[in-house]
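# Overview (structure and organization)
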Amino acid sequence: MLSAELYPEIFRRKSFHLFRGTGSDTVTIQELMEIERVWHTFGRLYPDIRTALRIVPSEKVHFKRDAEYCILIYSEKKDNYLLNAGYMGEQLDLYLVSRGIGTLWFGIGKPDEPVYDGLDYVIMIAVRKVNNESLFRKDMYRAKRKMAEEIWPGDTSGIAEIARFAPSACNSQPWYVKNEAGVLTVSRYRKPGKRGIMPAGSVGYFNRIDIGIFLCFLEIIMAEKGITAARELFIDSGDEEYTPVAKYSVG
């Protein structure tokens, strides 16, 4: 379970689809070194899954939206490795916001090195220093998201109202939570029919990363509220409409 240290950044973070107007400040070499160091301190769902980061200039991966760098996440390919990468990557996302660095999960980015240190590329996060605080999100509740009751019927313990703002690929929000006698079951929801602009073959890949991001939000919020829970994870290998991925027994 994660600590509540990053909780305030949930309300400030936003996806910088454009980095224009962020100012002339740059991410320093010291900050880049700290990003690489702090990655290894983040909580992980599976301690046995090896991961790594590479930070490269944005032009090296042909990112054309004024980012300074792209942070490439690599992982061993094991069961639920995408879930684990999303969980760790969202901690990085919130950490960067806490340091005044704007971020964008960039799913369609093409890595310059598909394999690094024997690990496979998963996804990248584009970043740029932001010297204008007003460019971070000022009112999270204006963001377009599903209503709490749509993703979490019944008693939410005040969690869903915030967790629903977790970022996801194409804003697909592929999560659904049941609360049965204090046991929270989190499922990956696969919406039938059309899937927006994502190619059908990519939906499962990115939505598994999204669920890891959601679990990160969920645990940070629970820690902030003083809610303790035992976590149980399930291998997400199916393609049902609702695929259980985690269970939290609160108490």
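Presented here is an overview of the structure given in this document. (Residues numbered from 1 in each chain as written. Predicted model: local features only at pLDDT ≥ 70, side-chain atom pairs only at ≥ 80, totals over all residues. Heavy atoms only, no water.)

## Thoughts on the overall build of the protein chain
Looking only at helices and strands, the protein chain has six helices and nine strands in total. Expected size for 251 residues packed as a compact globule is a radius of gyration near 18 Å; at 17 Å, the protein chain falls within 12% of this value. In the protein chain, which comprises 251 residues, the proportion classed as buried is 53%. Put simply, 73% of the contacts in the protein chain that link residues at least 6 apart link residues at least 24 apart. Only carbon and sulfur atoms are counted for the fraction: they give 51% of the accessible area of the protein chain, which is about 11600 Å². (Helix = DSSP H or I, 4+ residues; strand = E, 2+ residues; numbered from the N terminus. Rg over C-alpha atoms; globule rule 2.2 N^0.38 Å. Buried < 20%, exposed > 50% of the residue type's maximum accessible area, 1.4 Å probe, protein only. Contact = heavy atoms within 4.5 Å. Areas by Shrake-Rupley, 256 points an atom, 1.4 Å probe, with all protein chains shown as cover.)

## Some details on the packing of helix α3 (residues 81-98) against helix α6 (residues 200-224)
Remark: α3 packs on α6, axes separated minimally by 7 Å, with the N-to-C direction vectors making an angle of 50°. By the angle class used here, α3 and α6 are oblique. Note that α3 runs across α6; the crossing there is right-handed. Counted together, Tyr 81, Leu 82, Leu 83, Gly 86, Tyr 87, Glu 90, Gln 91 and Leu 94 of α3 and Tyr 205, Arg 208, Ile 209, Ile 211, Gly 212, Ile 213, Leu 215, Cys 216, Phe 217, Glu 219 and Ile 220 of α6 form the full contact between these two elements. (Axes fitted to C-alpha atoms, helices over the stretch in contact; angles between N-to-C directions. Parallel < 35°, antiparallel > 145°, perpendicular 65-115°, else oblique. Left-handed = near helix turned anticlockwise from the far one by under 90°.)

## Side note on the nonpolar core
In terms of nonpolar packing, the biggest core is built from 69 residues, with Ile 10, Ile 35, Leu 92, Val 186, Leu 215 and Tyr 248 touching the most fellow members. Looking at this core, the element that brings in the most residues is α6, giving 13 residues. Aside from chain neighbours lying at most four places away, what touches Val 186 is Tyr 176, Val 177, Phe 214, Leu 215, Leu 218, Thr 243, Pro 244, Val 245, Ala 246 and Tyr 248. With 19 residues, the next largest nonpolar core counts Phe 16, Ala 52, Met 124 and Phe 136 among its residues. (Core = buried A, V, L, I, M, F, W, Y, C linked by side-chain atoms within 4.5 Å.)

## Details of α6
End to end, α6 covers 37 Å across 25 residues, agreeing with the expected 36 Å (1.5 Å per residue, within 8%). Burial analysis of α6 places 19 of its 25 residues in the buried class, the great majority of the element. Directly after α6, the chain includes Gly 226, whose backbone phi takes a positive value near 70°. (Expected span 1.5 Å × (residues − 1).)

## Some details on the layout of surface pockets
Here the largest pocket defines a volume of roughly 680 Å³. Counting only elements with at least two residues in the lining of the largest pocket, the list comes to β3 (101-106) and α6. Sorting elements by how many residues they give to the lining of the largest pocket places α6 first, with five residues. Of the residues in the lining of the largest pocket, the class split is 14 nonpolar, six polar and five charged. (1 Å grid on protein atoms, 1.4 Å probe; cavity = no way out; pocket = protein on both sides within 12 Å on 5 of 7 lines; lining within 4 Å. Points joined across faces, edges and corners; volume = space filled by probe spheres on them. Nonpolar A, V, L, I, M, F, W, Y, C, P; charged D, E, K, R; others polar.)

## Observations concerning the pattern of salt bridges
Evaluation of the coordinates by the stated rule reveals 16 salt bridges. For Glu 90, the salt bridge identified is with Arg 13, shortest N-O distance 3.9 Å. Within this pair, whereas Glu 90 is found in helix α3, its partner Arg 13 is found in the loop between α1 (7-12) and α2 (29-39), the two being separated by 77 residues in sequence. Residue class for Glu 90 comes out buried when judged on its relative accessible area of 0%. The partner of Arg 231 in a salt bridge is Glu 219, and the shortest N-O contact between them spans 2.9 Å. Placement of Arg 231 in strand β8 (residues 229-233) and of Glu 219 in helix α6 is noted, with a sequence separation of 12 residues between them. A residue is classified by how much of its surface remains accessible, and Arg 231, at 29% relative accessible area, is partly exposed. Overall, Glu 219 belongs to the buried group, its relative accessible area being 0%. One network of salt bridges, with partners in common, ties together Arg 54, Lys 60, Asp 112 and Glu 113. (Salt bridge = Lys/Arg side-chain N within 4 Å of Asp/Glu carboxyl O.)

## Looking at the packing of aromatic side chains
On inspection of all chains with the given rule, the structure shows 14 aromatic pairs. Between Tyr 205 and Phe 206, the aromatic rings sit 5.1 Å apart at their centres with planes inclined by 85°, giving edge-to-face as the arrangement. Looking at Tyr 205, the relative accessible area reads 26%, which means it is partly exposed. Ring-pair connections join several aromatic residues into one group, and the members of that group are Phe 16, Phe 19, Phe 63, Phe 106 and Phe 136. Looking at Arg 12, its charged tip hangs above the ring of Phe 136, at a distance of 4.7 Å from the centre. (Phe/Tyr/Trp six-rings, centres within 6.5 Å; stacked < 30°, edge-to-face > 60°. Lys NZ or Arg CZ within 6 Å of the ring centre and 35° of its normal.)

## Re empty space enclosed by the protein
Using a probe with the size of a water molecule, rolled over the atoms, empty space left in the structure can be pinpointed. Enumeration over the complete set of coordinates arrives at one cavity of 30 Å³ or more. The volume enclosed by the largest cavity comes to roughly 40 Å³. Lining the largest cavity are Ile 10, Arg 13, Arg 137, Met 140, Ala 143, Arg 145 and Phe 165. Considering only residue class, the lining of the largest cavity consists of four nonpolar, no polar and three charged.

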